[in-house]
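Topology and contacts: notes
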Amino acid sequence: MSGAEVSDLIAAVLEDYPQAVKVEGGEEVVLRPAGAADMAAIVAFAGELTEQDLLFLRVDITQQSVVENWLSNVANGQTVSLLACQDERVVGYCTVDRNPARWTRRVGEIRVNVVPQMRSRGLGRHMTSKIFDVARRIGLRKLIAHMTPDQVGAQAAFARLGFRPEALLTDYIEDRDGDVHDLAIMTYDMDGFNAQVDVPLQV
Amino acid sequence: MSRFERLNDQAAALLAMETAQAPLHDVAVALLDGELSAAVLCEQVAARIHRLPRYRQKLAFVPFNLAHPVWIDEQRLRIENHVYDHTLLPDTSLSQAMDYALKIAQTCLPREKPLWTMHLIHGVPGMTLFVHIAHQSMLDGVNINDVSQSLYDLQAQPRQGETAREWYPRPDPNPLELAADAVQDNTTSFAFRASRLQSFSAANAELVRRATESVTRFVSEPVVFAPWNRHLVGPARIYREVQIATADLRRVQRRLGGTLNDLVLAVLVEAIARFTREGQMAGRHLRIMQPVSVRREDEDGARGNRVAGIFPVFTLQDLGLRQRHQQVRWENESIKQNREAQALQLLSELAPPVPSIAAAEAHDLRLFAQPNLLFAAFNPLNFLQQLGPRITGGEWLSGLLQSMAGFNLTVTHVPGSAATQYLCGHAVTGQRFLPALLANLGFGVAVSTYGGKLTYNLLSDPVLLPQLGGLAETVATVWNEFEQLTMGDAPGSD
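Definitions and limits used
- Residues numbered from 1 in each chain as written.
- Chains lettered and ligands numbered in written order.
- Predicted model: local features only at pLDDT ≥ 70, side-chain atom pairs only at ≥ 80, totals over all residues.
- Heavy atoms only, no water.
- Core = buried A, V, L, I, M, F, W, Y, C linked by side-chain atoms within 4.5 Å.
- Buried < 20%, exposed > 50% of the residue type's maximum accessible area, 1.4 Å probe, protein only.
- Helix = DSSP H or I, 4+ residues; strand = E, 2+ residues; numbered from the N terminus.
- Contact = heavy atoms within 4.5 Å.
- Patch = residues over 30% accessible without salt bridge, like charges linked within 9 Å, V, L, I, M, F, W, Y side chains within 5 Å.
- Areas by Shrake-Rupley, 256 points an atom, 1.4 Å probe, with all protein chains shown as cover.
- Salt bridge = Lys/Arg side-chain N within 4 Å of Asp/Glu carboxyl O.
- Pairing = 2+ DSSP bridges.
- Axes fitted to C-alpha atoms, helices over the stretch in contact; angles between N-to-C directions.
- Right-handed = clockwise from strand over helix to strand, strands pointing away.

**Digging into the nonpolar core**
The biggest cluster of nonpolar side chains holds 124 residues, and the ones touching the most others in it are Leu 41, Trp 116, Phe 130, Phe 443 and Tyr 456 of chain B. The dominant element in this core, judged by the number of residues it contributes, is helix H8 (residues 260–275) of chain B, at eleven residues. Those residues within four positions of Tyr 456 of chain B in sequence are excluded, and the remaining contacts are Arg 240, Glu 241, Val 242, Ile 244, Leu 263, Val 264, Val 267, Leu 268, Val 445, Ala 446, Val 447 and Val 475 of chain B. Among the nonpolar cores identified, the runner-up in size contains 57 residues, and Val 23, Ala 46 and Leu 161 of chain A together with Leu 154 of chain B belong to it.

**Looking at a nonpolar patch on the surface**
Residues Phe 64, Leu 66 and Val 183 of chain B make up a contiguous nonpolar surface patch of roughly 320 Å² in combined accessible area. Checked against the element boundaries, Leu 66 of chain B lands in the loop between strand S3 (57–60) and strand S4 (70–73).

**A word on the pattern of salt bridges**
Residue and element names in this part refer to chain A. Taken as a whole and judged by the stated rule, the model has 26 salt bridges over all chains. Between Asp 53 and Arg 119 there is a salt bridge whose closest N-O contact spans 2.9 Å. Taken together, the residues Asp 53 in helix H3 (residues 51–55) and Arg 119 in the loop between strand S5 (107–114) and helix H5 (123–137) connect sequence positions 66 residues apart. Judged by its relative accessible area of 31%, Arg 119 falls in the partly exposed class.

**Side note on helix H6 (residues 152–160) of chain A**
Three or four residues apart is the spacing at which side chains of an α-helix point the same way, because the helix has 3.6 residues per turn. When H6 of chain A is considered as a whole, its buried residues turn out to be Val 152, Gln 155, Ala 157, Phe 158 and Ala 159 of chain A. Considering only its buried residues, H6 of chain A is in contact with S5, H5, strand S6 (142–147), strand S7 (164–174) and strand S8 (180–189) of chain A together with helix H4 (144–148) of chain B. In the stretch just after H6 of chain A, Gly 162 of chain A is the one whose phi turns positive, near 100°.

**Points about the sheet that holds strand S5 (residues 83–87) of chain B**
Residue and element names in this part refer to chain B. Ordered by their spatial adjacency, six strands build an open sheet running S5-S6-S7-S2-S14-S13, and the pairing between neighbours is mixed. Of all strands in the sheet, those bounded by a partner on one side alone are S5 and strand S13 (422–423). In this sheet, strand S6 (residues 116–122) lies alongside S5 in parallel orientation, the contact comprising five bridges. Of the residues in S6, the one forming a bridge with Asp 85 is Leu 120. Against the sheet, helix H2 (residues 38–48) contacts S5, S6, strand S7 (127–135) and S13, and its axis sits at roughly 150° relative to S6.

**Structural notes on the pairing of S5 of chain A**
Residue and element names in this part refer to chain A. Counting buried residues along S5, six of its eight residues qualify, which places the element largely inside the surrounding structure. Note: strand S4 (residues 89–98) against S5, seven bridges, orientation antiparallel. Paired with Val 96 across the two strands is Ile 110, which belongs to S5. Note that S5 and S6 share four bridges and pair parallel. Bridging across to S6, Gly 108 finds its partner in Leu 143. For the segment spanning S5, H5 and S6, crossover handedness is right-handed.

If you want it as structure tokens, here you go:
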């Protein structure tokens, strides 16, 4: 698939947004595509994360330059990101990164993050489901998600979508404090052995 | 809305259809390295049961069956009453231990307790069998493998700092509360469904039209009864398995095209075609029911998974292996394109609610079941076949239905971890799954994957299909032929 075709697919998928969703407790959150104007809001979001959360971020989004790089990837179509917002405040994000290398161009990496106050209220599960659909619709055939073996909530959310543990890489992650951890990789293969229907029923 | 968590139509139907001969629980068997004791397992379950809230609940039946049962907290939950140790003779073989697991799984779970049990079978040298049983009505649209993930680890060292949490069950409701809530819930449920029909989108109207077409196929292509569909199942079971390395499956899949699901089903269908070549099914067709998990979303956000059935039909005529694979690929693609699973799920949600009095005690009260109850349980027609002989003069109904509708077997997919998992520090070296047999479905298949291997788990009623070993051998032969066939092909050459 050419870059232009992928860009068209992304544009078509993002036409479905913004979308309002209710989380447990009745609060409404709006999901919308991330854009260049969201830099400050994302850095502010990172400021709400706990020290423990920051330990395990793949990239340090408290740094403006890192967020700038992220948003430039969004602009060039390498990354598709949705932000969960309450008014101007970002309370979560979900993102799928396409790997531009030719031999991994069918693979996308999904990441989801939510501020502590919104956890265990269904927002993370909802965003995981939404970004999975985005990834499927832009033609990715294999999806991966990285997490530590202790992140059981994340594992459960991905398992609901049909992701399965693929590998455990020992001593793979070094956190901001220099401590070493294992990395669990969960994957979903569109052409693999599945018991899921990819397209959700919307009623 | 009910103040309790009430069983949906599907879960209630699963309870209603269960009989002493046909328990409707999921059974997962994990082969553990070394010896694991029940005491250690109990500790782990206690530490993690907060992730399995349904495991702390039991059913409360509503007076006069005014509505489906609800889940209430178990006041006296003692995990050790659900975890059992079984010690067999030393040097028991794995196959003998599996036979013992089948016997454990023969008995229905008592309905006055949380609907799960766990069993540790000792006696196989260097190994413990962990048998996990949970009723299908409590699994909320996932299979038992997904539930088991909460107990397993990806590291040999169990997660640190996990200990049993304080938990205080909510008080039991009294019968009057249950009845009043049921009446209120029935009223709001009718109103909700009516409002949903009014706000029906064009896309969903199209889905319902497709669902109607799918259902029509049941009548237009009447099922041909296989030897294992001759009569209702008894309590005994036999089990055989065929294992294939997933790397080999992927190699063949890349050469033939399509998905792994296509290839897995093509091997099975070809084996069944050969196995039934001499009988009345020769040259006719086979209808399979495949439960699939459908994500359901509404305007309030993600609402979890539901299990829907898809019903692929395959000719049993002699075909070459490539033709067989193409046939399965086309059928699966057509079902996917038509969104058959979503359509049938939507249809079951839109149908008027099932009177719980029909669902709960239909066979005892000699009532005809409601069609939507049957949809709710995926298998409308087999349920009626089962019900037929139980109602006055119902033999004619069974006979009529047997001639026009139904399906031949269920094939359940249970994808598992490719990475090694651990239970209480013991490596899981293999996993097996036992499909439920019910009504006149005397043969079923669960296809599972774990640790780089795919397993065809074949289960049958020994009276209806005593030659299960022969069928397993045919599956292995067909697979070998697929491998040979594609040996010289370049990837994607088909």
